[in-house]
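Listed here are the chains, written in short residue letters.
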Amino acid sequence: MDYQKIIEDICREIRPFAEEGKQADYIPALAKINPDQFGICLRTVDGQIYAHQQADTRFSIQSIAKVFAIAIALSLRGEHIWKKVGKEPSGTAFNSLVQLEIEKGIPRNPFINAGAIVVADILISELDDPEGEFLNFVRTLCKDDTISYNEEVAYSEREHGYLNAAIANLLKYHGTIENDIEDVLMFYFKMCSVEMSCRELALAFRAFTCHRDFNYAGYKLTVSQVKRLNAVMQTCGFYDEAGEFSYLVGLPGKSGVGGGIVAIYPMKYSVAVWSPRLNSKGNSVLGMKALELLTTYTEESIF
Ligand code: GLN
C-alpha cells in the first residue's frame, strides 16, 4: 500500500473544505491559534512513517489525553473503574450536564468531560504525584522527554471552565469523586493541555494499536484490556458524532478540541491528523475528512 501517495492525494482533495468550521474559542488560549494549519502522520506497527505537511507541529491534545488517563486508571484499578464511569455512548455533547443529573452522577463513558473528570479523581487518589506520573507515562509512550503541559492553556481553561466546574460539583454532590474539586479540575485541565505533534501521537498510540506487551512506565494492560479500550474509543471517542465517525471512517479513535484526531487500525497502523477548525460537534473538519478518504481509498477499516 502506497500510504505516502494516498496521504498526499488526500491533502490535495480536502483543500475545498479548508475554511469550514472554526477553532475552539471557549478556551481563550486556544482561540489565538492560527486555524489554517494541517498535519498528518501514519505509522505502521513495524515503524514505517508516512508524514505530510505540519506533522511535527505540536498542538493541544485536549480530549485525546482522556485515552492516556483511562489506560492508567484501568491498569491501577482494573474492572472496578466501571463502577464509577460507564462505557456506553452518550449521544450528547462532550460537555453536557443533562445526562449526568438524570443518571445520578455516573458519567456515561470516560471520553466525555464528566467521565474524564472522574478518571482524573481516580488518578489523584491512586498516584503520589499525578501530574508528574501522567506526564511520565505519555513521555514513555513516545520516548520523548520534551513533551509537556502548556500551563497557559491549562490556567486559561480553568479561568473560564464554568461548565466543567459545574460537572465537577454535580459529581461531588453525588459522591462520585473523592478529592477536592479544585484539585481534580486543575489536574484534568493539565492533562488536556499536553502538547504533541501528529508524529508523536501516532507513536504514542502504537501502544493501543499493537495489543501485545502493554507495559509503559510500569502501567500494564492485558491484550484483552487494550482491545476493550479500542472498543470504547470506537463507540464513544467522538461524543455525539461517534456513529458518524464509525460510518465514515470505520476505525476506533479519539478527537480533541485542539483539532487533533488519532485513529487506530488494530495490529496495522496508528494515524494522527490535526487541523484546528472544528465542526459543531467539536471534531476537526479536515481531520474527519482526511480519515474518511484514507479508509475509503485504502479500502481498509475494521469492518
Ligand atoms: N479541555 C476540554 C474541555 O474540557 C476538552 C474537550 C475536548 O477536547 N473535547 O472542554
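In the block above lies the structure referred to throughout.
Residues numbered from 1 in each chain as written. Predicted model: local features only at pLDDT ≥ 70, side-chain atom pairs only at ≥ 80, totals over all residues. Heavy atoms only, no water.

1. Structural notes on the overall build of the protein
Working step 1: Assigned secondary structure in the protein consists of 14 helices and nine strands.
Working step 2: Rg of the C-alpha trace for the protein: 18 Å, near the compact-globule value of 19 Å for 303 residues, within the 12% margin.
Working step 3: Projected onto its principal axes, the C-alpha coordinates of the protein cover approximately 55 × 40 × 35 Å.
Working step 4: Taking all 303 residues of the protein together, the buried fraction comes to 59%.
Working step 5: Within the protein, counting contacts between residues at least 6 apart in sequence, those at least 24 apart form 71% of the total.
Working step 6: Only carbon and sulfur atoms are counted for the fraction: they give 50% of the accessible area of the protein, which is about 12100 Å². (Helix = DSSP H or I, 4+ residues; strand = E, 2+ residues; numbered from the N terminus. Rg over C-alpha atoms; globule rule 2.2 N^0.38 Å. Buried < 20%, exposed > 50% of the residue type's maximum accessible area, 1.4 Å probe, protein only. Contact = heavy atoms within 4.5 Å. Areas by Shrake-Rupley, 256 points an atom, 1.4 Å probe, with all protein chains shown as cover.)

2. Comments concerning the site of the ligand
Working step 1: Close contacts around the ligand come from Y26, Q62, S63, F94, N113, E157, N164, Y188, C192, Y239, G256 and V257, and that covers them all.
Working step 2: Between the ligand and Y188, the relevant distance is 2.6 Å, taken from an oxygen atom to a side-chain nitrogen or oxygen of the residue.
Working step 3: In the environment of the ligand, an oxygen atom lies 2.8 Å from a nitrogen or oxygen atom belonging to the backbone of V257.
Working step 4: In isolation the ligand offers 300 Å² of accessible surface; the protein chains occlude 100% of this area.
Working step 5: Tallied by class, residues from the shell around the ligand come to six nonpolar, five polar and one charged. (Near = heavy atom within 4 Å. Polar contact = N/O pair within 3.5 Å; in protein donor to acceptor, adjacent residues only side chain to side chain. Nonpolar A, V, L, I, M, F, W, Y, C, P; charged D, E, K, R; others polar.)

3. Quick look at empty space enclosed by the protein
Rolled over the atoms, a probe sized like a water molecule indicates the empty space that remains.
Working step 1: Taken as a whole and judged by the stated rule, the model has four cavities of 30 Å³ or more.
Working step 2: Taken as a whole, the largest cavity encloses approximately 70 Å³ of empty space.
Working step 3: What lines the largest cavity is simply Q23, A24, L30, I33, F59, S60, V257, G258, W274 and P276.
Working step 4: Within the lining of the largest cavity, the residues separate by chemical class into seven nonpolar, three polar and no charged. (1 Å grid on protein atoms, 1.4 Å probe; cavity = no way out; pocket = protein on both sides within 12 Å on 5 of 7 lines; lining within 4 Å. Points joined across faces, edges and corners; volume = space filled by probe spheres on them.)

4. A look at the state of the cysteines
Working step 1: Under the criterion given, the structure shown has zero disulfides.
Working step 2: Of all cysteine sulfurs, the one in C41 lies closest to C142, which takes part in no disulfide; the gap is 12 Å.
Working step 3: Classification of C142 as buried rests on a relative accessible area of 5%. (Disulfide = S-S within 2.5 Å.)

5. Here we look at helix 9 (residues 181–192)
For an α-helix, the turn length of 3.6 residues means that residues three or four places apart are oriented alike.
Working step 1: Helix length check: helix 9, at 12 residues, gives a terminal C-alpha distance of 17 Å against a target of 16 Å (1.5 Å per residue), a fit within 8%.
Working step 2: Taking burial as the measure, the 12 residues of helix 9 include 10 buried ones, the bulk of the element.
Working step 3: Three or more residues of helix 9 are buried, namely I181, V184, L185, M186, F187, Y188, F189, K190, M191 and C192.
Working step 4: Here the buried face of helix 9 lies against strand 3 (59–60), helix 3 (65–77), helix 5 (113–126), helix 6 (130–141), helix 7 (151–160) and helix 8 (162–173). (Expected span 1.5 Å × (residues − 1).)

6. Let's talk about the nonpolar core
Working step 1: Judged by nonpolar contacts, the single largest core of 86 residues is most densely connected at F68, F134, M196, L201, F205 and F208.
Working step 2: Not counting residues up to four positions away in its chain, the partners in contact with F68 are I61, F134, F137, V138, L141, M196, L201, A204, F205 and F208.
Working step 3: Residues Y3, I6, M288 and L293 belong to the second largest nonpolar core, which totals 27 residues. (Core = buried A, V, L, I, M, F, W, Y, C linked by side-chain atoms within 4.5 Å.)

7. So, helix 6
Working step 1: With 12 residues, helix 6 ought to run about 16 Å at 1.5 Å a step, and its terminal C-alpha atoms sit 17 Å apart, in line with that.
Working step 2: For helix 6, every residue scored as buried is listed here: P130, F134, L135, F137, V138 and L141. Considered in projection along helix 6, the buried side chains sweep an arc of 155 degrees and stay on one side of the axis.
Working step 3: Backbone geometry just downstream of helix 6 places K143 in the positive-phi region, at approximately 45 degrees. (Arc of directions from axis to C-beta.)

8. Some details on the pairing of strand 2 (residues 49–53)
Working step 1: Note that strand 1 (residues 39–44) and strand 2 share five bridges and pair antiparallel. Looking at strand 2, one finds that L42 is bridged to Y50.
Working step 2: Taken together, strand 1 and the strand that follows it, strand 2, pair antiparallel across an intervening segment of four residues, in which G47 is found at a positive phi of about 95 degrees. (Pairing = 2+ DSSP bridges.)

9. Some thoughts on the pairing of strand 9 (residues 269–274)
Working step 1: Burial of strand 9 is extensive: six of the six residues sit out of reach of the surface.
Working step 2: Of the two faces of strand 9, the one holding Y269, V271 and V273 and the one holding S270, A272 and W274 are both buried throughout.
Working step 3: With six bridges joining them, strand 1 and strand 9 adopt antiparallel strand pairing. Looking across to strand 9, one finds that T44 is bridged to Y269.
Working step 4: Pairing analysis gives six bridges linking strand 8 (residues 260–265) to strand 9, with the strands arranged antiparallel. Looking across to strand 9, one finds that G260 is bridged to W274.
Working step 5: Where strand 8 folds back onto strand 9 in an antiparallel hairpin, the turn is made up of three residues, including M267, whose phi is positive at roughly 65 degrees.

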